[in-house]
Amino acid sequence: MLISVYVPLLITMVLAVFAPRAAHRLAPRPAAWSLAAAALVASLGWLGSLALLAFAGLAQIPEVAEEGRWSVAAVRASDPVYLTVAGTAALALLASVTGLTVAAVRQLRHLRWARRECRLLPGDTELAVLDMAVPEAFALPGAPGRIVVSRGMLRCLGDREREALLAHERAHLRGRHHLFQTLWRLSAAANPLLRPLSGAGGFVLERWADEEAAVRVGDRTVVAHAVGRAALAGSANGSRPALAATGGAVPQRVRALLAPPPPRRALPFVAGAALLVVCCASLADAATDSEQMIETAQAAVTPAPHGPCHEHGHLGEPVRFR
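A quick note: this is a predicted structure, and the numbers were derived from the prediction, not measured.

A. Geometry of the overall build of the chain. In terms of regular secondary structure, the chain is built from 13 helices and three strands. Within the chain, residue pairs in contact and separated by at least 24 positions form 72% of the contacts whose partners lie at least 6 positions apart. Summed over all atoms, the accessible surface of the chain reaches about 17,600 Å², with 63% contributed by carbon and sulfur.

B. How the structure looks around the environment of Ala164. In this structure, Ala164 sits in helix α7 (residues 159-174). Ala164 gets classed as buried once you look at its relative accessible area, which sits at 1%. Once the C-alpha coordinates of Ala164 and His225 are considered, the two residues, 61 residues apart in sequence, prove to be 9.3 Å apart.

C. How the structure looks around the sheet that holds strand β2 (residues 137-140). Spatial strand order, β1-β3-β2: three strands in an open sheet with mixed pairing. Sheet topology places β1 (127-130) and β2 at the edges, where each strand pairs with a single neighbour. Taken pair by pair, the neighbouring strands of this sheet meet at an average axis angle of 20°, ignoring direction.

D. Region of the structure containing the pattern of salt bridges. Overall, the coordinates contain eight salt bridges when judged by the stated rule. Two residues, Arg253 and Asp210, come together in a salt bridge whose shortest N-O distance is 2.8 Å. With Arg253 in helix α11 (residues 250-258) and Asp210 in helix α9 (residues 195-217), this residue pair connects regions lying 43 residues apart in the sequence. As far as burial versus exposure is concerned, Arg253 and Asp210 are alike and both buried.

E. Structural view of the packing of aromatic side chains. All chains considered together, the criterion is met by three aromatic pairs. On the numbers, 4.9 Å between centres and 80° between planes, the contact of Trp33 with Phe180 is edge-to-face. Remark: Phe180 occurs in helix α8 (residues 177-190) and Trp33 occurs in helix α2 (residues 28-58); sequence separation between them is 147 residues. For Trp33, a relative accessible area of 52% puts it in the exposed group. Take Phe180: its relative accessible area is 7%, and that puts it in the buried class. Measuring from ring centre to ring centre gives 5.7 Å for Phe180 and Trp208, while their planes differ by 80°; the resulting arrangement is edge-to-face. With Phe180 in helix α8 and Trp208 in helix α9, this residue pair connects regions lying 28 residues apart in the sequence. Judged by its relative accessible area of 6%, Trp208 is buried. The structure contains a cluster of three or more aromatic residues connected by ring pairs, namely Trp33, Phe180, Trp184 and Trp208.

F. Representation of the side chain of Arg220 in the model. Considering the arrangement of structural elements, one finds Arg220 in helix α10 (residues 220-233). Owing to a relative accessible area of 17%, Arg220 belongs among the buried residues under this scheme. Within the structure, Arg220 has its side chain in polar contact with the side chain of Glu211 (distance 2.7 Å). The residues touching Arg220, leaving out its near neighbours within four places in the chain, are Glu211, Ala214, Ala256, Leu257, Ala259, Pro260 and Pro261.

G. Region of interest: a nonpolar patch on the surface. A cluster of nonpolar residues, Leu2, Ile3, Tyr6, Tyr82 and Val85, forms a patch on the protein surface that exposes about 540 Å² of accessible area. With respect to the helices, strands and loops of the structure, Tyr82 is situated in the loop between α4 (72-78) and α5 (83-120). Judged by its relative accessible area of 65%, Tyr82 falls in the exposed class.

H. Highlighting the nonpolar core. Membership of the largest hydrophobic core comes to 23 residues, with the highest contact counts inside it found for Ala32, Leu35, Phe180, Trp184 and Leu197. Of all the elements in the fold, those that place two or more residues in this core are α1 (7-23), α2, α8, α9 and α12 (267-300). If one sorts the elements of this core by residue count, α2 sits on top with eight residues. When residues no more than four places from it in sequence are discounted, the contact partners of Phe180 are Ala32, Trp33, Ala36, Gly175, Leu205 and Trp208. Formed by 14 residues, the second largest nonpolar core is a distinct cluster that contains Ala167, Ala214, Val217 and Ala224.

I. Inspection of α9 at higher detail. In this model α9 runs 34 Å from its N-terminal to its C-terminal C-alpha over 23 residues, within 8% of the 33 Å that 1.5 Å per residue would give. Positive phi appears at Gly218, one or two residues downstream of α9, with a value of about 85°.

J. The packing of α1 against α12, seen in detail. Between α1 and α12, whose axes approach to 8 Å, the crossing angle comes to 160°. As summarised for this structure, α1 and α12 are arranged roughly antiparallel, according to the angle between their axes. Remark: the crossing between α1 and α12 carries left-handed chirality. Mapping the contact onto sequence places Val7, Pro8, Ile11, Val14 and Leu15 in α1 and Leu275, Leu276, Val278, Cys279, Ser282 and Leu283 in α12. Residues belonging to the contact of α1 with α12 are distributed by class as follows: 10 nonpolar, one polar and no charged.

Rules used throughout
Residues numbered from 1 in each chain as written. Predicted model: local features only at pLDDT ≥ 70, side-chain atom pairs only at ≥ 80, totals over all residues. Heavy atoms only, no water. Helix = DSSP H or I, 4+ residues; strand = E, 2+ residues; numbered from the N terminus. Contact = heavy atoms within 4.5 Å. Areas by Shrake-Rupley, 256 points an atom, 1.4 Å probe, with all protein chains shown as cover. Buried < 20%, exposed > 50% of the residue type's maximum accessible area, 1.4 Å probe, protein only. Pairing = 2+ DSSP bridges. Axes fitted to C-alpha atoms, helices over the stretch in contact; angles between N-to-C directions. Salt bridge = Lys/Arg side-chain N within 4 Å of Asp/Glu carboxyl O. Phe/Tyr/Trp six-rings, centres within 6.5 Å; stacked < 30°, edge-to-face > 60°. Polar contact = N/O pair within 3.5 Å; in protein donor to acceptor, adjacent residues only side chain to side chain. Patch = residues over 30% accessible without salt bridge, like charges linked within 9 Å, V, L, I, M, F, W, Y side chains within 5 Å. Core = buried A, V, L, I, M, F, W, Y, C linked by side-chain atoms within 4.5 Å. Expected span 1.5 Å × (residues − 1). Parallel < 35°, antiparallel > 145°, perpendicular 65-115°, else oblique. Left-handed = near helix turned anticlockwise from the far one by under 90°. Nonpolar A, V, L, I, M, F, W, Y, C, P; charged D, E, K, R; others polar.

This is the structure in structure tokens:
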């Protein structure tokens, strides 16, 4: 446990540095799934490692050891985790759980708001056109979700660009991109080191929707023009929804659309998968060591069995008194 418990923490730092950079160079759809898997495993590994370190310190408290019936000396001998390290891990774990709880409540409220707004929008079709002069276009998740476009935005685009814009927002709904966003936000709330994954994930989702729109329209240049014009039209609008064609780094998105489709590369995904496997294996090994530590500490205070054979000799032999 002394080494394996720290491996998930190290892997989290590695993913926070290299995963966002790799995601910008990969095909957006597999990159989004890879970032989601990395965020999930890294956040669980982070919480698990902190919990094991905190428990190693908790097990060295005499009152806790008395309740659990194990030896403090045996715990310190088999798993020498300093109380300072354990206390720091306990505080970090408390902060992570608190942040995760607050973020989960916010996400639930946001999803409830989105579903309520879907019901309040005019019409009963997937597309809801708002009579607003302000250029606006975004996907509103719900059951099944709505595409919201203002008349101001429609006036800024040509016919094919409108088709590209709607295809982009429809890709957000069909791909359930709000679930990816929720996972990344919860992971970042549990572990602030994973915030770069959340930022890279937002860009990857927009790129995913761009590529789906390009396939739908059949012309990458049209989608690039639609993204650029929509971004320029909506630049004056301060509130920018999460799943919107004007989101993300627009210049990089336009540049990617004007280039050929990104190639599929296997090496980054294999390397990322290997890191996640090592993270899970290290956490499982640390948990096993922690369990063995407690079993050894409990055995150290268990009295040796005393039966009639030990006190009065073997059965069948007379007891001699002197």
